[in-house]
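These are the residues of each chain, in order.
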2 protein chains.
Amino acid sequence: MLAVLVNGVECVNPAQAISVADRGLNYGDGLFETMRLQRGRVKLLDAHLARLALGCGRLGIDYPGDELLRREIAHMCSVADAGILKLVLTRGVGSRGYRPNDNVAPTRILSLHASVPVANAGIRVRWCDMRLSRNSQLAGIKHLNRIEQVLAQNEWRDPAIEEGLMLDSEGELVCATAANVFIVRGHELATSDLRYCGVRGVLRGEVIRLAGTLGIAVHEEPLWPEDLETASEVFITNAVRGIRSVIELDGRRWPAGSVTDSLRSALEADA
Amino acid sequence: MLAVLVNGVECVNPAQAISVADRGLNYGDGLFETMRLQRGRVKLLDAHLARLALGCGRLGIDYPGDELLRREIAHMCSVADAGILKLVLTRGVGSRGYRPNDNVAPTRILSLHASVPVANAGIRVRWCDMRLSRNSQLAGIKHLNRIEQVLAQNEWRDPAIEEGLMLDSEGELVCATAANVFIVRGHELATSDLRYCGVRGVLRGEVIRLAGTLGIAVHEEPLWPEDLETASEVFITNAVRGIRSVIELDGRRWPAGSVTDSLRSALEADA
């Protein structure tokens, strides 16, 4: 970590910074955002903050406000020109027991990490055995209860496999472990509607917006593994890693096709 | 908190003790146990450690071993004669991203809290709107992904209502927010089999064992809200709060009956 800010204060010792009574630690009671810092700016910051605010509303956590968060994020942007900026917002420090205390101040943790190389090459993916559980009250938001994703990523170590696709408990195709999934059918896009689980990705939203500007229809709908059979292209989206063409899954291959390319070009032109 | 031990070291400042990179904080990637300390001993310690070890196996976290944990727990028992002892075990400090690093040392957090009064009076409960999601790979263990329980307890503040009963996403009756549920039918017990969700409570296990010694049959099976209609007694179990008779739910009443009493007597005789 290049820098850490906890509740607005630069953290001298990140290894001893958080309370043993923080509810993020004890119950995963909080939210997070992982953002790409490039040329001194956080990409899609408005969308990240909007999703965080939405998550706060769902969990009943006090949103700290755009102004405070933008100020702290700007401070981190002064440390490095590029990198990955992670914001964790927990419900705060509480007493023992699930019930949130009244008037708890949320804990804000901003950490800056080195960039990951952003590549455009197509990737190989696999199926994960771990399923996503369904809970419409938690669907879409980026909360801290992420054991399912942790165990899914723990299923493989082969560096040639970049991501794993995840089904929910009923067999719907929801997302990758840390990305949303799009399929191309003819000249149209489809992506999971995420009504029961999965995270409403910031780059997912941006791709849907850009598709509109390119005259490409987007269908948010339940997807199933069979939908991959009829896809002409498949790609995944992640705010840090961008748009990645999926070119292989279990021996099945897709081209890194023109619809995906046009979306990636539109995204880069917008940057 | 009366005392805190982090990785075996007495914690001088519990408010600044945990790494911002701890995976318990970032992903709820860990487990916990909440134990009752009484007359200088932890009640049902063997069962708590067995459940923790089981959870470690499921999550792929290195179990620290009975010997080390018993030594640290014994140290906490020397601080006070009675109280609540909480053990949080996370996967440890890691780098950014869901995938666990190899060879991470788990983080052990032991905290001692003041006792809660243990009462035998019957309690009133309510239905929670929040549903439990189904994931058989996580069912039974006491992991740190607890947003569902947090939001369920946040649904009410009426101190006359002690607990909330929770259904899963398909409508099965699973448990209370922080307790298991038993119903009495004739002279037999039934409790949820927890195959999809819920925590396999330590006192739940002890009640099943004691029922055997009393010649009371126990059925672990799917329960539904309708099963409450035909119950002659209803009670909930929690390692800290003991066996509590449920005497009212939404206007429906049950007696604090003789089967529940006999189990509570057996539990107290065993103490």
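This structure is a prediction, so every number in the text was calculated from the model and none was measured. (Residues numbered from 1 in each chain as written. Chains lettered and ligands numbered in written order. Predicted model: local features only at pLDDT ≥ 70, side-chain atom pairs only at ≥ 80, totals over all residues.)

Right, let's talk about the relation of the copies chain B and chain A for a bit. For the match of chain B to chain A, the screw axis carries a shift of 0.0 Å, the RMSD comes to 0.0 Å, and the turn is 180°. Considering both components of the superposition, the chain copies are consistent with a two-fold axis. Taking C-alpha positions as reference, the residue of chain B nearest the rotation axis is Leu25 of chain B, located at 1.9 Å. Take the interface residues of chain B: 100% of them recur as interface residues in chain A, which is what a same-surface contact looks like. (Least-squares fit on C-alpha atoms with pLDDT ≥ 70 in both. Contact = placed C-beta atoms within 7 Å.)

Turning our eyes to something else, we now look at helix H5 (residues 202–213) of chain B. Residues and elements named next belong to chain B. For H5, which comprises 12 residues, the first-to-last C-alpha distance of 17 Å matches the rise-based estimate of 16 Å (1.5 Å per residue) to within 8%. Inspection of H5 places Val202, Leu203, Arg204, Glu206, Val207, Leu210 and Ala211 among the buried residues, and these make up the whole buried set. Phi turns positive one or two residues past the end of H5, at Gly215, with a value near 75°. (Helix = DSSP H or I, 4+ residues; strand = E, 2+ residues; numbered from the N terminus. Expected span 1.5 Å × (residues − 1). Buried ≥ 20, exposed ≤ 12 C-beta atoms within 10 Å, placed from the backbone.)

Whenever strands of a sheet pair, they do so through backbone hydrogen bonds, lying parallel or antiparallel. All names here are of chain B. If you trace the six strands from one edge of the open sheet to the other, you get S2-S1-S6-S5-S3-S4, paired in antiparallel fashion. Where the open sheet ends on each side, the last strands, each with one partner, are strand S2 (9–10) and strand S4 (41–42). Helix H3 (residues 66–77) contacts strand S1 (3–6), strand S3 (30–38), S4, strand S5 (83–90) and strand S6 (107–113) of the sheet and is inclined by roughly 25° relative to S6. (Pairing = 2+ DSSP bridges. Axes fitted to C-alpha atoms, helices over the stretch in contact; angles between N-to-C directions.)

All right, on to the domain arrangement of chain A then. Residues and elements named next belong to chain A. We note that the domain assignment places domain 1 (3–113) and domain 2 (123–270) within chain A. For domain 1 and domain 2, the distance between their C-alpha centroids amounts to 25 Å. The partner domain 2 presents 12 residues to the 20 residues of domain 1 that form the contact. Among the elements of the structure, strand S3 (30–38) and helix H2 (45–59) are those that each provide at least two residues to the side of domain 1 that touches domain 2. Residue composition of the side of domain 1 that touches domain 2, by class: eight nonpolar, six polar and six charged. (Domains from an automatic or database assignment. Nonpolar A, V, L, I, M, F, W, Y, C, P; charged D, E, K, R; others polar.)

As a further point, take unusual backbone geometry. Residues and elements named next belong to chain B. One non-glycine residue, Arg39, lies in positive phi territory at about 45°. Relative to the helices and strands, Arg39 is located in the loop between S3 and S4. Even without being a glycine, Leu194 presents a positive backbone phi close to 55°. Inspection of the secondary structure assignment puts Leu194 in the loop between strand S11 (188–192) and H5.

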